[in-house]
Amino acid sequence: GHDARLGLGDAAAPADARVLDFDGGASAQTELLLGLMGEGKGLPRSPDPFGGAVVLLVPRAAGKKALPRWAEALTKHEATQGVFKTPYRAVQEGDVAALQTVLDELRASGRSDVLVVPAELCATQGRMLGYIDAVEPLADGLDLQWLPGLGQRVVEVLAEAPLD
């Protein structure tokens, strides 16, 4: 693994700064992300709170257990929302039928602004192009917005969390 210290802006990192220890692989990223966001906190917001939705694309390399764990985290997040609930959905990378079903469901419920985010820290350019090529042909009538991953959200979650 690699040790990393989180430094925000020009602030000097104190000696007792939080240390992230992970090897960077898809399953390690999933553990890190779900460890921080597994209770539904820290997830990205929809581009439109009234007509939007968020779709997380779970990498195949994250393993078979990653998709149900993400689905559970997203369900928890939806339960914490007020009257106006934004749909959050998780789809396994490469599962075209599930992706089509989710996008059709969003379209049918009047959700036209969809934020699509790989459930990884930051997808490479090649992976992002692959995600875009997989999603855009199925998204007729939807306005897609993209984040390259959840890395920024990790920084924001850690910045808000008190040090142990």
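This report concerns the structure included in the present document.

What counts, and at which threshold
Residues numbered from 1 in each chain as written. Predicted model: local features only at pLDDT ≥ 70, side-chain atom pairs only at ≥ 80, totals over all residues. Heavy atoms only, no water. Patch = residues over 30% accessible without salt bridge, like charges linked within 9 Å, V, L, I, M, F, W, Y side chains within 5 Å. Areas by Shrake-Rupley, 256 points an atom, 1.4 Å probe, with all protein chains shown as cover. Salt bridge = Lys/Arg side-chain N within 4 Å of Asp/Glu carboxyl O. Helix = DSSP H or I, 4+ residues; strand = E, 2+ residues; numbered from the N terminus. Buried < 20%, exposed > 50% of the residue type's maximum accessible area, 1.4 Å probe, protein only. Phe/Tyr/Trp six-rings, centres within 6.5 Å; stacked < 30°, edge-to-face > 60°. Pairing = 2+ DSSP bridges.

## Describing a nonpolar patch on the surface
Taken together, Phe50, Val83 and Phe84 make up a surface patch of nonpolar side chains, about 410 Å² in accessible area. Relative to the elements of secondary structure, phenylalanine 50 occurs in the loop between α1 (26–37) and β3 (52–58). By relative accessible area, which is 59% here, phenylalanine 50 ends up exposed.

## A look at the packing of aromatic side chains
Each aromatic ring pair is characterised by the separation of its centres together with the angle its planes make. Summed over all chains, the structure comprises one aromatic pair. Judged by centre distance (5.0 Å) and plane angle (80 degrees), the rings of phenylalanine 50 and phenylalanine 84 are edge-to-face. Of the two residues, phenylalanine 50 sits in the loop between α1 and β3 while phenylalanine 84 sits in the loop between α2 (66–80) and β4 (88–92), which places them 34 residues apart along the sequence. Summarising the burial analysis for this pair, phenylalanine 50 and phenylalanine 84 share the class exposed.

## Here we look at the pairing of β3
Every regular strand shows the same layout, with side chains that alternate between the two sheet faces. Counting buried positions over the seven residues of β3 gives seven, a clear majority of the element. Of the two faces of β3, the one carrying Gly52, Val54, Leu56 and Val58 and the one carrying Ala53, Val55 and Leu57 are both buried. Of the pairings in the sheet, the one linking β3 to strand β5 (residues 113–118) comprises six bridges and is parallel in character. Residue pairing in the sheet places valine 55 in a bridge with valine 116 of β5. In terms of strand pairing, β3 meets β4 through five bridges, oriented parallel.

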